[in-house]
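Architecture at a glance
Here is what each chain is made of, one letter per residue.
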Amino acid sequence: MSQSNGNGAEDASSSDQADSTDLRFRYRKLLFQTKEKRSELVRPEPTGLLETLEEMNVLFSRVKNPREAVYDSNVLKLTSELGLEQADNLQTNMTVFDRNIFAEKLVTFMDGRCRGSQREKPELDWSKLGKYAATMFNVTAKLDLIYGPLAMESIAKHRAARERNVQRKPTEAEKKKPQQLQQEEQEESTTKEVQRVLKAIHKLTDPDQGTYKHVPFFEFITDPTSFPTTIENMFHLSFLVKDGKVKLYLDDDNTPVVKIDVNNGAVTSTPGSTRAVNPSQVVISMTIQKWNDLIEEFNITKAMIPNIKRRGK
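Position numbers for residues start from 1 in each chain and track the written sequence from start to end. It should be noted that, the model being predicted, local features are given only for residues of pLDDT at least 70 and side-chain atom pairs only at 80 or more, the latter also being counted only at that level, while totals for whole chains, interfaces and linings use all residues. Hydrogens and water molecules were not included; the side-chain quantities draw on all heavy atoms of the structure.

Attention now moves to the packing of aromatic side chains. Only Phe, Tyr and Trp rings are paired, with Trp represented by its six-membered ring, and only when their centres lie within 6.5 Å; those with planes under 30 degrees apart are stacked, over 60 edge-to-face, the remainder tilted. Under the defined criterion, the tally for this structure stands at 5 aromatic pairs. Between F217 and F218, the aromatic rings sit 5.2 Å apart at their centres with planes inclined by 70 degrees, giving edge-to-face as the arrangement. Residue burial is assigned from relative accessible area. The probe radius is 1.4 Å, only protein chains are included, and a residue is buried under 20% of its type maximum, exposed over 50%, and partly exposed in between. Residue F217 is classed as buried on the basis of its relative accessible area of 5%. Under the relative-accessibility criterion, F218 is labelled partly exposed at 22%. Where F235 meets F239, the ring centres are 5.0 Å apart and the plane angle is 90 degrees; that geometry is what we call edge-to-face. Here F235 pairs with F239, and both are found in helix α9 (residues 227–242), just 4 residues apart, close to one helical turn. Members of the aromatic cluster, joined through ring pairs, are F217, F218 and F298. Cation placement over rings: the criterion is NZ of Lys or CZ of Arg within 6 Å of the ring centroid and within 35° of the ring normal. Here K128 stacks its cationic end above the ring of F109, 5.0 Å away from the centre of that ring. Runs of H or I in DSSP of at least four residues are treated as helices and runs of E of at least two as strands, each being numbered from the N terminus.

Here's what the structure looks like:
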């Protein structure tokens, strides 16, 4: 039974292949004949294009594959081009307006070509043309002055002089004001952020409520949900270290820690009001890879410094 089904499928496939081959042959033949009879088909009288379209419709009903469809589109394109040429060659025998003939008829109508006239330039009877043309209008034409009235007194117009609004150029001091305001706003914002970091250290190291004697540096600045916030925390903490309000040193385990300076670390103090006694600079680089390593190494799940931006959403 399976062998008979396989033979039937092969027979159907071979039949389709033969039909496609025959169809492509007929399309090529039709395309060749159409190109060969081009000069004959573009004449207005023959109906060869109509016969070609009818044969195309018969062949298109057998199209199953894209290749045969391409042949059909090529024949259709050629047929449309021939149809456009045939339409251009079509003569409708419509009357075309010729201005020279019209002018000659007007001259004859106005007695400009009377028999026996010996004048080289005979006078034309324009009144005759005017009377005939007047019968074509139902409304009497109004009399208008071509160049206006004969005499008209000119009225002098007095215009009040307008004051020109001259924009005064801002002085150099006025130009600097927006920059000064912007700089003051930035300084005020930085001061608030530094105070927020200082309050967080006080809260963590508070003898009554705090949990740390000295706060681990990396755990303190790292925000596990935001890399940019971590960078901002390092930036704001650097002001506290520079002013001597916070001490940054290594503990017994050789790990950097942060501790409030008892003398200068009041919450109400502002950045820049004090300086460290023996200042020293430490450069710390932070990348996204290091940030991810810190979160995994210290198992950081929550930021010690509250994020105002995220809390305000």
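Read on, since the account is not over.
By definition here, a salt bridge exists when the distance from a side-chain nitrogen of Lys or Arg to a carboxyl oxygen of Asp or Glu is within 4 Å. Using the criterion set out here, one finds 7 salt bridges in the structure. One salt bridge in this structure joins R62 and D19, with 2.8 Å as the shortest N-O distance. Here R62, found in the loop between α3 (48–60) and α4 (66–88), pairs with D19, found in helix α1 (residues 2–36); they are 43 residues apart in sequence, far enough to count as distant. Residue D19 is classed as partly exposed on the basis of its relative accessible area, which comes to 28%. For D243, the salt bridge identified is with K245, shortest N-O distance 3.6 Å. On the accessibility criterion, K245 (1% relative accessible area) is buried. Connected via shared salt-bridge partners are D19, D22, R26 and R62.

With that settled, the discussion passes to the packing of α3 against α4. An axis is simply a line fitted to the C-alpha atoms; with a helix, the fit covers only the stretch in contact. Between two such axes, the angle follows the N-to-C directions and lies from 0 to 180 degrees. Where α3 contacts α4, the two axes come as close as 11 Å, and the packing angle between them is 165 degrees. Here α3 lies roughly antiparallel to α4, going by the angle between them. The handedness of the crossing between α3 and α4 comes out as left-handed. On the side of α3, the interface is formed by L49, T52, L53, M56 and F60, while α4 contributes D72, V75, L76, T79, L82, G83 and Q86. Residue classes in the contact of α3 with α4 are distributed as 7 nonpolar, 4 polar and 1 charged. Each angle receives one of four descriptions, namely roughly parallel if under 35 degrees, roughly antiparallel if over 145, roughly perpendicular if within 65 to 115, and oblique otherwise. Left-handed describes a crossing whose near helix is turned anticlockwise from the far helix through less than a right angle; right-handed describes the clockwise counterpart. Contacts between residues were defined by any pair of non-hydrogen atoms, one from each residue, lying within 4.5 Å. Any residue that is not Ala, Val, Leu, Ile, Met, Phe, Trp, Tyr, Cys, Pro, Asp, Glu, Lys or Arg is counted as polar, Gly included; the first ten are nonpolar and the last four charged.

Let us now look at the pairing of strand β2 (residues 246–250). When DSSP finds two or more bridges between two strands, those strands count as paired. In the sheet, β2 pairs with strand β3 (residues 256–260) via 5 bridges, with the strands oriented antiparallel. What sits directly across from V246, in β3, is I260. Linking β2 back to β3 in an antiparallel pair, the connection comprises 5 residues, with N254 at a positive phi of about 60 degrees.

The next subject is the sheet that holds β3. The sheet built from 3 strands is open, its strands ordered β1-β3-β2 with antiparallel pairing. Strand pairing shows two members of the sheet lacking a second neighbour, β1 (215–216) and β2, which therefore form its edges.

So, about α3. A helix's residues, less one, multiplied by 1.5 Å, set its expected span. If you check α3, its first and last C-alpha atoms are 18 Å apart, about what 13 residues at 1.5 Å a residue would give, namely 18 Å. Considered for burial, the residues of α3 that qualify are G48, L49, T52, M56 and L59. Taken down its axis, α3 places every buried residue within 95 degrees of arc, on the same side. Projecting away from the buried face of α3 at angles above 90 degrees are the exposed residues L50, E51, N57 and V58. Taken from the helix axis, the directions to the C-beta atoms give the arc we talk about.

What follows covers the environment of Y27. Here Y27 is to be found in helix α1. Each C-alpha atom of the pair Y27 and E68 lies 8.0 Å from the other, and the pair is 41 residues apart in sequence. Not counting residues up to four positions away in its chain, the partners in contact with Y27 are M56, L59, F60, V63, E68, Y71, D72 and V75.

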